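# Observations on the model geometry
Letter by letter, the chains look like this.
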Amino acid sequence: MTDPVTSPLTMVGDSTAAVCDGDFCEIPDHREQAIVNRRVDDDRI
Amino acid sequence: MSNAIKVDIWSDVQCPWCYIGKRKFETAVAGFDGEVDVEYHSFELAPDTPVDFDGSPRDYLAERKGVSPDQVDQMLERVTGIAASVGLDYDYDHVHQTNTIKAHELIHYAKANGRQLDMKERLLKAYFIDGRHVGRIEDLADLAAEIGLDRDEVVRVLTDNTYLADVKADVAQAEAYGISGVPFFVFDEKYGVSGAQDAATFANVLEQVVLERAHGDSESAQ
């Protein structure tokens, strides 16, 4: 197994695009969703 | 030497935005006048999920994360609507929430046999659209056989954890890059793109890589 590449990436694109982070998937551009996300984050162990 | 643009994609099989992002990325590639070499990498969103979790994603979020069933329904409805906009018919009523480590091992096995892209697509469709289980070895072997891979060999390599180290190497590389969410796209080992971006964004990055390569070639020729 080779060692991971550690050179930094240049981030491009829309920083608010939809991603799954942890076992929860954000849905951007909906304020009520952001509230739900924060609740989940607070609950993360 | 190939001039193909290498795109490494970190993704999980039970990530709704990964499938949606895959379609958007594929739209960009289809309209790109050049060669693109895609490689998928493993990322486990919920490694602590039991293989035989008794419930759906709706149950998982409601029971384990304290999100109310109404909120979960609203979220899934939105995701389903966005999926439909890119031609994906998500069926959350029949999704089996599970652990995806074996699915990732299978994707590495498929890569070793030149079929990674087909296997990735089959697994995503199996999970989100077909209501198939993507956590159990026997179910995964069935899916592998459906795209022409050797079912018995798949059972053997998954039972023996043959490709587990490759999965872990992908996860380590994701950590080295600082990737915390998926889908995550790395173009030419240089540009990072996070999330299910619009196809136009992916297309712009591909064009940017082409321009930089051309600029680099002209500089080195001087």
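Here the structure is a predicted model, which means the values were calculated and not measured. Within each chain, residues carry numbers counting from 1 in the order of the written sequence. Throughout, the order in which chains and ligands are written sets their labels, letters from A for the former and numbers from 1 for the latter. Whole-chain, interface and lining totals are the exception, using all residues; otherwise, since this is a predicted model, local features are given only for residues with pLDDT of at least 70 and side-chain atom pairs are given and counted only at 80 or more.

## A closer look at the sheet that holds strand 2 (residues 36–42) of chain B
With respect to topology, 5 strands assemble into an open sheet ordered 1(A)-5(B)-4(B)-1(B)-2(B), the strand pairing being mixed. Because the sheet does not close on itself, it has two edges, and the strands there are strand 1 (10–11) of chain A together with strand 2 of chain B. Strand pairing requires that DSSP identify at least two bridges connecting the strands. Helix and strand assignments follow DSSP, with helices taken as H or I runs no shorter than four residues and strands as E runs no shorter than two, numbered in order from the N terminus. Here strand 1 (residues 5–11) of chain B pairs with strand 2 of chain B via 7 bridges, running parallel. Bridged to B:Val7 within strand 2 of chain B is B:Val38.

## Thoughts on the packing of helix 2 (residues 57–64) of chain B against helix 3 (residues 69–85) of chain B
All names here are of chain B. Here the axes come from fitting lines to C-alpha atoms, over the contacting stretch only for helices, and the angles between their N-to-C directions go from 0 to 180 degrees. At their nearest, the axes of helix 2 and helix 3 sit 9 Å apart, and the two run at 140 degrees to each other. On the basis of their axis angle, the class for helix 2 and helix 3 is oblique. Between helix 2 and helix 3 the crossing geometry is right-handed. Note on element contacts: helix 3 touches helix 2 through Pro69, Val72 and Leu76, opposite Arg58, Leu61 and Ala62. The nonpolar class holds Ala, Val, Leu, Ile, Met, Phe, Trp, Tyr, Cys and Pro. Asp, Glu, Lys and Arg form the charged class, and all remaining residues, Gly among them, are polar. Classifying every residue of the contact of helix 2 with helix 3 by side-chain character gives 5 nonpolar, no polar and 1 charged. Our angle categories are set so that under 35 degrees counts as roughly parallel, over 145 as roughly antiparallel, 65 to 115 as roughly perpendicular, and the remainder as oblique. By convention the crossing between two helices is left-handed if the near helix lies anticlockwise of the far one by an angle smaller than a right angle, and right-handed if it lies clockwise. Working definition of a contact: two residues with C-beta atoms, positioned from the backbone, lying within 7 Å.

## So, the confidence of the model for chain A
Known as pLDDT, the predictor's per-residue confidence is scaled from 0 to 100. Predicted confidence across chain A gives a mean pLDDT of 69, with 47% of residues reaching 70 or more. Helix 1 (residues 31–43) of chain A is the least confidently modelled element of chain A, averaging 50 in pLDDT, while strand 1 of chain A averages 95, the highest of any element.

## Details of the pairing of strand 1 of chain B
One face of the sheet, then the other: side chains in a regular strand alternate in exactly this way. Residue and element names in this part refer to chain B. As a rule, residues whose C-beta atom has 12 or fewer other C-beta atoms within 10 Å are exposed, those with 20 or more are buried, and those in between are partly exposed; C-beta atoms are placed from the backbone. Of all 7 residues that make up strand 1, 5 are buried, and the element is covered over most of its length. Consider the strands pointing away from the viewer: the crossover is right-handed when the path from the first strand over the helix to the second runs clockwise. Regarding the hand of the β-α-β motif, the stretch spanning strand 1, helix 1 (residues 16–30) and strand 2 is right-handed. Two elements, strand 1 and strand 4 (residues 184–187), share 4 bridges in a ladder whose sense is antiparallel. Of the residues in strand 4, the one forming a bridge with Trp10 is Phe184.

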